[in-house]
Amino acid sequence: MSVIEIALLGVSLAMDAFAVSITTGITLKDLRWKHALKVGLFFGGFQFLMPLIGYLAGSTFVRYIESVDHWIAFGLLAFIGGKMVYECIRPGEEEQVANPTATGKLLVLAVATSIDALAVGISLAILRANIWVCSSWIGIITFTLSALGVRLGKKLGDKFQRSAGLLGGLVLICIGIKILVEHLTGA
């Protein structure tokens, strides 16, 4: 694979993580660089690891989860997004969005947004691509876009305040629906 092909692959795999990172930034009350770096490390780290796992596991492992991987990603994103929406619209309570950079929440989001990278790892094995180079570039690109996404999301959140958490939750649900529809329709 050429450097351009690897970069394009990295950017395309990073788009879901980038969108979720923007949502994370929207819901943060007090943004520090450590938040952006933590989000970038989680998303970039999982985007680095999943192609390696896919490459090593080959088609045997994926055969078992391929039929449900889209449901897993959809369920995780819809649950977290739905919880965010609920927290923003529940009556009689102060707006109180949970910490979007909590380790457990980031772990779930990182797994949900990197499931496609597992399948890409299998494809890279078939192409006999250098998995270390490909996974490294995918991870670096995702790290960078995710960290920048948190910063961008914070700017959007400052402008839209209360509706930002609601919008962020809806974005997560839409990403989950997109993953589900793509897998069910073969698009």
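Residues numbered from 1 in each chain as written. Predicted model: local features only at pLDDT ≥ 70, side-chain atom pairs only at ≥ 80, totals over all residues. Heavy atoms only, no water.

1. Some thoughts on the overall build of the chain
To be explicit about the condition: For the purposes of this entry, the term helix denotes a DSSP run of H or I that reaches at least four residues, the term strand denotes a run of E that reaches at least two, and both are numbered from the N terminus. A 1.4 Å probe rolled over the protein chains alone gives each residue an accessible area, and that area as a share of the maximum for its type sets the label: buried under 20%, exposed over 50%, partly exposed in between. In this analysis, two residues are considered to be in contact whenever any of their non-hydrogen atoms come within 4.5 Å of each other. Per-residue and other accessible areas follow the Shrake-Rupley method at a 1.4 Å probe size, with only the shown protein chains counted as cover for residues.
Check the secondary structure of the chain and you find 6 helices and 0 strands. In the chain, the succession of α and β elements from N to C terminus is α-α-α-α-α-α. Out of the 187 residues in the chain, the part that is buried amounts to 45%. Contacts in the chain between residues far apart in sequence, at least 24 positions, make up 92% of those at least 6 positions apart. Entry remark: accessible area of the chain is about 9,700 Å², with carbon and sulfur atoms responsible for 69%.

2. Section: the side chain of Ser-135
The line we're drawing: For the purposes of these results, a polar contact is taken to be a pair of N or O atoms within 3.5 Å, where, inside protein, one atom must be able to donate a hydrogen and its partner to accept one; residues adjacent in sequence count only when each atom of the pair is a side-chain atom.
Tracing the backbone through its elements, the reader meets Ser-135 in helix H5 (residues 131-160). Reaching out from Ser-135, the side chain makes a polar contact with the backbone oxygen of Phe-48 at a distance of 3.4 Å. Leave out the neighbours within four places in its chain, and Ser-135 touches Phe-48, Pro-51 and Leu-52.

3. Remarks on the nonpolar core
The condition that has to hold: What we call a nonpolar core is a set of buried Ala, Val, Leu, Ile, Met, Phe, Trp, Tyr and Cys residues that are connected through their side-chain atoms within 4.5 Å.
Ranked by size, the top nonpolar core spans 22 residues in total, and within it Val-20, Phe-43, Leu-77, Leu-109, Val-150 and Leu-172 carry the most contacts. Secondary-structure elements contributing two or more residues to this core are helix H1 (3-27), helix H2 (33-65), helix H3 (69-89), helix H4 (103-127), H5 and helix H6 (162-185). Once residues within four sequence positions are removed from consideration, Val-20 is found in contact with Phe-43, Leu-77, Leu-109, Thr-113, Leu-172 and Ile-175. Counting residues in each nonpolar core, the second largest holds 13 residues, with Met-50, Leu-52, Val-120 and Ile-138 among its members.

4. Focus: the side chain of Thr-101
Examined against the element boundaries, Thr-101 turns out to sit in the loop between H3 and H4. For Thr-101, the contacting residues outside a window of four places in its chain are Thr-24, Leu-28, His-35, Lys-38, Val-39 and Leu-106.

5. Quick look at H1
Note the following rule: Take the number of residues in a helix, subtract one, and multiply by 1.5 Å to get its expected span. To get the bend at any residue, fit one axis to the seven residues that end at it and another to the seven that begin at it, then take the angle between the two axes.
Look at H1: 35 Å from first C-alpha to last across 25 residues, which is about the 36 Å you get at 1.5 Å a residue. If you look at H1, its biggest bend is around 40 degrees, right at Met-15.

6. Remarks on the environment of Ser-2
Looking at where Ser-2 falls in the secondary structure, it is placed in the segment before H1. Overall, Ser-2 belongs to the partly exposed group, its relative accessible area being 35%. Between the alpha carbons of Ser-2 and Cys-134 there is a distance of 9.9 Å; along the sequence they are 132 residues apart.

7. Some points on the pattern of salt bridges
Rule in force here: What makes a salt bridge here is a side-chain nitrogen of Lys or Arg within 4 Å of a carboxyl oxygen of Asp or Glu, nothing more.
Tallied over the entire structure, the rule returns 3 salt bridges. In this structure, Asp-30 and Arg-32 form a salt bridge, with 3.0 Å as the shortest nitrogen-oxygen distance. The residue Lys-178 makes a salt bridge to Glu-182 at a minimum N-O spacing of 3.6 Å. Taken together, the positions of Lys-178 and Glu-182, both in helix H6 and 4 residues apart, correspond to about one turn of that helix. Within the structure, one salt-bridge network assembled from shared partners comprises Asp-16, Lys-178 and Glu-182.

8. Regarding the packing of aromatic side chains
As a reminder of what qualifies: Two rings belonging to Phe, Tyr or Trp (six-membered ring only in the last case) form a pair when the distance between their centres is within 6.5 Å. Interplanar angles under 30 degrees mark stacking, angles over 60 mark edge-to-face geometry, and anything in between is tilted. Here, a charge over a ring is recorded when the distance from Lys NZ or Arg CZ to the ring centre is within 6 Å and its angle to the ring normal is within 35 degrees.
Taken as a whole, this structure holds 1 aromatic pair when the rule is applied. Ring geometry for Phe-48 against Trp-132: centres 6.4 Å apart, planes inclined by 45 degrees, an arrangement best described as tilted. Of this pair, Phe-48 sits in helix H2 while Trp-132 sits in helix H5, and the two are 84 residues apart along the sequence. Taking relative accessible area as the criterion, Trp-132 reaches 55% and is therefore assigned exposed. Above the face of the Trp-33 ring, Arg-151 is positioned so that its terminal group lies 4.2 Å from the ring centre.

9. A few points about the confidence of the model for the chain
Selection criterion: pLDDT expresses how confident the predictor is about each individual residue, on a scale running from 0 to 100.
For the chain, the average pLDDT comes to 81, and 86% of its residues sit at 70 or higher. Element-level mean pLDDT values for the chain span from 75 in H3 up to 89 in H5.

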